[in-house]
Amino acid sequence: MHDYIKERTIKIGTCIVETKNTVRTIAKEFGVSKSTVHKDLTERLPEINPDLANQVKHILEYHKSIRHLRGGEATKIKYRKTKSPKSSESLVAVKS
């Protein structure tokens, strides 16, 4: 494994433990894909730093356990944004 991959893996692991951000957020911060972040955290990190990997594993499990809640909330917000202009347009059209 190349040194830059080891360094990135440790930085990503440390960042996720400190901030508890999601894989997508971390991927954007580091400019890599979420697949790369996930592979770094689940496959490479346990070989490099098992203690840090254990902490990261708990955070990832927590994120997985609440993902259905995050998705539902995101969908709710999405449809609130898209419904508002349409409903006001239809009210204006009815009054005319």
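Note: the structure precedes this text.
About the thresholds
- Residues numbered from 1 in each chain as written.
- Predicted model: local features only at pLDDT ≥ 70, side-chain atom pairs only at ≥ 80, totals over all residues.
- Heavy atoms only, no water.
- Salt bridge = Lys/Arg side-chain N within 4 Å of Asp/Glu carboxyl O.
- Helix = DSSP H or I, 4+ residues; strand = E, 2+ residues; numbered from the N terminus.
- Buried < 20%, exposed > 50% of the residue type's maximum accessible area, 1.4 Å probe, protein only.
- Axes fitted to C-alpha atoms, helices over the stretch in contact; angles between N-to-C directions.
- Parallel < 35°, antiparallel > 145°, perpendicular 65-115°, else oblique.
- Contact = heavy atoms within 4.5 Å.
- Nonpolar A, V, L, I, M, F, W, Y, C, P; charged D, E, K, R; others polar.
- Expected span 1.5 Å × (residues − 1).
- Arc of directions from axis to C-beta.

Describe the pattern of salt bridges, naming the residues involved and giving the relevant values.
Inspection of every chain in the model, using the stated rule, returns three salt bridges. In this structure, the salt-bridge partner of R44 is D40, at a minimum N-O distance of 2.4 Å. Taken as a pair, R44 and D40 lie in helix 3 (residues 34–48) at a separation of four residues, close to a single helical turn. What makes D40 buried here is its relative accessible area of 0%. One salt-bridge network, in which partners are shared between bridges, spans R8, D40 and R44.

I'd like a rundown of the packing of helix 1 (residues 3–19) against helix 3, residues and numbers included.
Where helix 1 contacts helix 3, the axes come no closer than 9 Å and their chain directions differ by 100°. Here helix 3 runs roughly perpendicular to helix 1, going by the angle between their axes. Facing I5, K6, R8, T9, I10, I12, G13 and I16 of helix 1, the residues of helix 3 in contact are T36, V37, D40, L41, R44, L45 and I48. Within the contact of helix 1 with helix 3, the residues separate by chemical class into eight nonpolar, three polar and four charged.

Account for helix 1, with residues named and values stated.
In an α-helix, one turn spans 3.6 residues; hence positions three or four apart end up facing the same way. Between its first and last C-alpha, helix 1 extends 24 Å over 17 residues, near the 24 Å set by a 1.5 Å rise per residue. Along helix 1, the positions that sit buried rather than exposed are I5, R8, T9, I12, G13, C15 and I16. Buried residues of helix 1, seen end-on, are gathered within an arc of 165° and therefore sit on one face of the element. Within helix 1, the exposed residues directed more than 90 degrees away from the buried face are D3, K11 and E18. Elements in contact with the buried residues of helix 1: helix 2 (23–30), helix 3 and helix 4 (50–65).

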